[in-house]
Amino acid sequence: MRNQKSLKKFPDVKIITVVADVSNEDAVKNYVDEAVKAFGRIDGLYNNAGIEGKQASITEYDVDIFKKVIDINLMGVYYGLRYVIPVMQKQQFGRIVNVASVGGIRGVLNQMPYVASKHAVSGMTKNAALEYGKDGILTNAIAPGAILTPMVAAAFKQVNPDDPKTAETEYAQRNPTKRLGQPHEVAKVVAFLLSEENGYVSGQTIAIDGGESNIYGNS
Ligand SMILES: NC(=O)c1ccc[n+]([C@@H]2O[C@H](COP(=O)([O-])OP(=O)(O)OC[C@H]3O[C@@H](n4cnc5c(N)ncnc54)[C@H](O)[C@@H]3O)[C@@H](O)[C@H]2O)c1
């Protein structure tokens, strides 16, 4: 509902919303079909849906939750590519942004399925760029660091259920900028990558993390 209200801020733009569980292949095929029915083409795909799963060590991780993270974060992104790319091939134009994570570049303690799925997103991005660049389709991934969204707020609650704000403040101190990122700071990069302004960037996983992924050791 929050999203539908914010979309109403753009009354002159034709918008449709289609609900889909991205881990369900038929549901993804349906959202692609509905988009083509409404607009006749698809210029940009933002493959964003993802979950963190629970935080636990490798040997203690709940296998069902592990599979669920893979189904949504990996298979969901794959289904999006599988059904949108043929539409873009027909047009000989397309821009795709898959959402990986800093956890798609490095390990993150106690989040193995998330890290595995996000490394896979980065890998699928490279393959899509290789296989469909000839069709005018540029595919990139973004690797956000900690961005203040409901998912990250929930993670701080897992770290410190009694005082999530303190967990957030402590986490921010590790970042070179001493703060977390804001959603609009991610959106600006994505808007560029999805636009015709991006003419030659493809196959990259672009960190949006205030430089945090470059840290080695204590700082
Ligand atoms: N917030 C961060 O710091 C951060 C960092 C790195 C990567 N990411 C990635 O960014 C993306 C968005 O995360 P966010 O922080 O906005 O989290 P969020 O929890 O606020 O939003 C995730 C969205 O995905 C949707 N979703 C979950 N499962 C779905 C499913 N099966 N089918 C369809 N939609 C589903 C949810 O409804 C929600 O709208 C995710 O892929 C996440 O892994 C976020």
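Structure shown above.
Calculation notes
- Residues numbered from 1 in each chain as written.
- Predicted model: local features only at pLDDT ≥ 70, side-chain atom pairs only at ≥ 80, totals over all residues.
- Heavy atoms only, no water.
- Helix = DSSP H or I, 4+ residues; strand = E, 2+ residues; numbered from the N terminus.
- Rg over C-alpha atoms; globule rule 2.2 N^0.38 Å.
- Buried < 20%, exposed > 50% of the residue type's maximum accessible area, 1.4 Å probe, protein only.
- Contact = heavy atoms within 4.5 Å.
- Lys, Arg positive; Asp, Glu negative; His and termini not counted.
- Charge placed at Lys NZ, Arg CZ, Asp CG, Glu CD.

A.B. asks: Kindly report on the overall build of the protein chain, identifying the contributing residues and their values.
C.D. replies: Secondary structure summary: the protein chain contains seven helices and four strands in total. Along the chain direction, N to C, the helices and strands of the protein chain fall in the order α-α-β-α-β-α-β-α-α-α-β. Compactness check: the protein chain gives a C-alpha radius of gyration of 18 Å against a globular reference of 17 Å for 219 residues, within 12% of the reference. In terms of overall dimensions, the protein chain has a C-alpha envelope of 50 × 40 × 35 Å along the principal axes. Among the 219 residues that make up the protein chain, the fraction classed as buried is 37%. For the protein chain, the share of sequence-separated contacts (at least 6 apart) that also reach a separation of at least 24 residues comes to 73%. Both charge centroids of the protein chain, one from 24 positive and one from 23 negative side chains, sit 4 Å from each other.

A.B. asks: Please set out the environment of alanine 146 residue by residue, giving values where relevant.
C.D. replies: By secondary structure assignment, the location of alanine 146 is in the loop between strand E3 (137–144) and helix H5 (150–159). When the C-alpha positions of alanine 146 and aspartate 12 are compared, they lie 33 Å apart, and in sequence the two are 134 residues distant. Ignoring anything within four residues of it in the chain, the contact list for alanine 146 reads Tyr171, Leu180 and Gly181.

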